[in-house]
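# Summary of the model geometry
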Amino acid sequence: MAERAPIDWRVYRAIALIFLAIKLALFVVARPFMDETYYWLWGQHLALSYFDHPPLIGWTSALGSLFGWNIVGLRIVPLLTLVADLLVLRAIAVSRDGQRWQESFWPMAALFLTVPIFFALTNLALPDHLLIFATLLTVYAVMRFRISVETGTPQWRFLYLAAAAVGLATLSKYTGAFLAVGLLLTFLITPKLRPVLRSPQLYLSGLLAAAMQAPVLIWNVRNGFASFDFILGGRSPLRDLSSLTGLSGYLLGFVFVLSPFMLWPLIRFLAARNDGDLFPRIVFWLSTLAFLAASLFTNILIHWNVVAYAAIIPFLHQWLRSRVVLAGHVIYALLIAGFVAFNYVIIPVTALTANSDQTSAWSYGWSDVAQDIKRLPGGYDFIATTDYALAGPLAFALADRDVVSLSARREAFDFWFDPTAHAGQTALIVADRWRPLTDEIRSQFASVSEAKLIDVQRYGKSVNSLTIYIALAYAPSSH
């Protein structure tokens, strides 16, 4: 059977521009996601690194705050990295196709903008938007370096660019290390690249990537390797290993975030024998299999494997020749985009039929809570919540960097909030239906009384219920 002709790049261009317009609108109108505001607070408490992740998201959040405590400041850096992502894809297209770059760039851009995992993560001020950019940059640099070696004139600047990109990826999330391992394996497996293993340039570039992790290492040494311990052992194990909940959730999430219609192009890409695309295939397998193994013991969040998806996204269009499959994918992507827009702009979808889910609900009602707090009589010394998921959105709504979480669970707040400095003080505490006031928090105050109950509603549907408490004479526990 003859190979189908490629789909006209102008079709991809139209798709890309439509989804780009949707994304640009969501940058402004989508309500802040609770994790975005949590990382925003990192930027207000600058440190060498942080408990949950490496420091790049905190540093870039600090830059964003120069634009003020508003949606522009919150998302200006993700907007810039989205532009940078598209520029890197264009550079990949030019390297592969020269003056015919549009024929590959627009398909790359269309898939990048429509695949659900990228549609979501490139719009949010989470560490993942930085990791995606760094991964794409690594793929580009490795491709350029490989081409130069194969033509007999190694361009070492691209090796150093790859090392710097790996360093940025690992400063974004620890999973960026898959890129470093993938690069080494690529040199080992590819005959034409093996001579590089004897070059001091390889090890100097490796030192560059390693040196970039110095802030993370220093912070961990100073804090008892808290971040490393959390990443390696801080996840909740599966209660029933025989149920394979983690495995089934991981596999279903894989299909959901990549799109069912991308599975066949993905399989064809992975099965192809093309040394030129070996690096992204190795990275894909390293990350995907590592999380597959981890899913046997814990639940894996659907975005953790994003480095694998980012590594292969520039190549999938080559294996997508069916207009029916493309149409199915675009319809699927539009449905996901519509769901996201409805859920985070209008009302949580689950609130239409029952109690809304906590992740969506935590994007609603905070401006009202902030106004209610401002109307309360003075006399309190600090504002607290029962969990980081409440502290971030409340702090952002109040434009107050000192809002803190008093959760017994270890969080980033524990590394900049000094409980003893607030001993004896009065606190306002905000709790909600999912993170109620616990006995452990209550016991740290001489008395706690309810000040106001807030029912967060949208179009007559209850989204969340929050309670503001007045808590007197803070006596922090010793542990």
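Above this text sits the structure in question.
Below: a short report on this structure. Being a predicted model, the structure only gives us computed values, none of them experimental.

What follows concerns the packing of helix H1 (residues 9-29) against helix H4 (residues 71-97). Where H1 meets H4, the axes come as close as 9 Å, and the angle between the chain directions of the two elements is 160°. As far as their axial angle goes, H4 and H1 are roughly antiparallel. On H4, the residues that touch Leu20, Lys23, Leu24, Leu26, Phe27 and Val28 of H1 are Ile71, Arg75, Pro78, Leu79, Leu82 and Leu86.

What follows covers the nonpolar core. Residues Phe112, Phe118, Ile373, Leu394, Leu406, Ile429 and Phe445 are the most contacted members of the largest nonpolar core, which totals 145 residues. Broken down by element, this core gets its largest block of residues, 14 residues, from helix H7 (residues 127-150).

Next up on the list: the packing of helix H2 (residues 34-44) against helix H3 (residues 56-64). Following both chains from N to C, one finds H2 and H3 inclined at 80°, their axes separated by 7 Å at the closest point. With respect to their mutual orientation, H2 and H3 come out roughly perpendicular. On H3, the residues touching Tyr39, Trp40, Trp42, Gly43 and Gln44 of H2 are Ile57, Gly58, Ser61, Ala62 and Gly64. A per-class count over the contact of H2 with H3 returns five nonpolar, five polar and no charged.

A few words now on the sheet that holds strand S3 (residues 427-432). Pairing is mixed in the open sheet, where five strands are placed in the order S2-S1-S3-S5-S4. For this open sheet the edge positions go to strand S2 (404-405) and strand S4 (445-458), each flanked by a neighbour on one side alone. Summarising the sheet, strand S1 (residues 382-385) and S2 pair through two bridges and their orientation is parallel. Within the sheet, the bridge partner assigned to Thr385 lies in S2 and is Ser405. The sheet strands contacting helix H20 (residues 388-398) are S1, S2 and S3, and the helix crosses S1 at an angle near 140°.

What follows is about the packing of aromatic side chains. Applying the stated rule across the entire model yields 34 aromatic pairs. Ring centres 4.7 Å apart and planes at 40° place the aromatic pair Phe51 and Phe230 in the tilted group. Of the two residues, Phe51 is situated in the loop between H2 and H3 and Phe230 in helix H12 (residues 226-233); the sequence distance between them amounts to 179 residues. You can call Phe51 buried: its relative accessible area is 5%. By relative accessible area, Phe230 is classed as buried at 19%. Ring-pair connections join several aromatic residues into one group, and the members of that group are Tyr38, Tyr39, Trp42, Tyr50, Tyr388, Phe413 and Trp416. Its guanidinium or amino end placed over the ring of Phe119, Lys23 lies 5.1 Å from that ring's centre, counting from NZ or CZ. The ring of Trp434 is capped by Arg433, whose NZ or CZ atom sits 5.2 Å from the centre of that ring.

Calculation rules
- Residues numbered from 1 in each chain as written.
- Predicted model: local features only at pLDDT ≥ 70, side-chain atom pairs only at ≥ 80, totals over all residues.
- Heavy atoms only, no water.
- Axes fitted to C-alpha atoms, helices over the stretch in contact; angles between N-to-C directions.
- Helix = DSSP H or I, 4+ residues; strand = E, 2+ residues; numbered from the N terminus.
- Parallel < 35°, antiparallel > 145°, perpendicular 65-115°, else oblique.
- Contact = heavy atoms within 4.5 Å.
- Core = buried A, V, L, I, M, F, W, Y, C linked by side-chain atoms within 4.5 Å.
- Buried < 20%, exposed > 50% of the residue type's maximum accessible area, 1.4 Å probe, protein only.
- Nonpolar A, V, L, I, M, F, W, Y, C, P; charged D, E, K, R; others polar.
- Pairing = 2+ DSSP bridges.
- Phe/Tyr/Trp six-rings, centres within 6.5 Å; stacked < 30°, edge-to-face > 60°.
- Lys NZ or Arg CZ within 6 Å of the ring centre and 35° of its normal.

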